[in-house]
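# Observations on chain architecture
Spelled out from the first residue to the last, the chains are:
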Amino acid sequence: AGDGRVFVLTHQAIEALSADTGETAWRIDRPALSPTADRRLGFAGVYEFLLTAMVYHEGVVLLAQPEPNSPHTYHTVPGSLYAFAAKTGQPIWKHAYGAWGHCTQPDVFVANGCVWTHVDVPAKFNVAANGWIKVPDTGSVEYRIQGLDLRTGELRSEWPSRDLFNVGHHHRCY
């Protein structure tokens, strides 16, 4: 919520409603998934493409929409990050990101004019005899976080995160 509006995501649309009256200020179609996105029931009975995150900050509505491909390692699920003008719903920019971890919504944070997300880092992997997907050498995966300009989507900063978010544990386990 922000600027007197509540922003709502449905399967079909993104809507801005008046916080006072509930009336629709604008409604746009939800961005279509990539044709290669996996829409099947995923690990642990979750439709991963539905694990979205929507954030409002200083006149911008951000939508992180996972676009899982098959197979993937669950350590960087690919997705698209969209920015929309909060007043009109007009698209501002789109940028790739990676959701880190399985069965969790993507991390999207805004600080100092930057939108921070994980980078989708394709990894080489093997499929075990039991069907599980495993990265044979997790030390070789260059996990990173990216800082994108809130207004333009341009890359302003990138930081390695391999030592912080190694795949030996779940990233939300403290």
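As shown above, the structure is provided for reference.
Notes on the structure follow. No experiment lies behind these values; they were computed from the predicted model shown.

### A look at the overall build of the protein chain
Of regular secondary structure, the protein chain possesses 0 helices and 13 strands. Pairs at least 24 residues apart make up 48% of the contacts formed inside the protein chain by residues separated by at least 6 positions. Accessible area of the protein chain: about 9600 Å², with a carbon and sulfur share of 54%.

### Brief notes about the sheet that holds strand β3 (residues 24-29)
What the 3 strands build is an open sheet, ordered β1-β2-β3; its pairing is antiparallel. This sheet does not close on itself; its edge strands, each paired only once, are β1 (5-9) and β3. Each strand of the sheet is rotated relative to its neighbour by a mean of 15 degrees, with strand direction disregarded. As judged from the 5 bridges shared by β1 and strand β2 (residues 13-18), these two strands associate in the antiparallel manner. Residue Val6 lies in a different strand from β2, and its bridge partner there is Leu17.

### Points about the packing of aromatic side chains
Counted according to the given criterion, the structure contains 3 aromatic pairs. Aromatic pair Phe7 and Trp26: ring centres 6.2 Å apart, planes at 40 degrees, arrangement tilted. Residue Phe7 is located in strand β1, and its partner Trp26 is located in strand β3; the two are separated by 19 residues in the primary sequence. Assigned by exposure class, Phe7 and Trp26 land together as buried. Taking the centre distance of 6.1 Å and the plane angle of 15 degrees together, the rings of Tyr82 and Phe84 count as stacked. Using a relative accessible area of 9% as the deciding quantity, one classes Tyr82 as buried.

What counts and how
Residues numbered from 1 in each chain as written. Predicted model: local features only at pLDDT ≥ 70, side-chain atom pairs only at ≥ 80, totals over all residues. Heavy atoms only, no water. Helix = DSSP H or I, 4+ residues; strand = E, 2+ residues; numbered from the N terminus. Contact = heavy atoms within 4.5 Å. Areas by Shrake-Rupley, 256 points an atom, 1.4 Å probe, with all protein chains shown as cover. Pairing = 2+ DSSP bridges. Axes fitted to C-alpha atoms, helices over the stretch in contact; angles between N-to-C directions. Phe/Tyr/Trp six-rings, centres within 6.5 Å; stacked < 30°, edge-to-face > 60°. Buried < 20%, exposed > 50% of the residue type's maximum accessible area, 1.4 Å probe, protein only.

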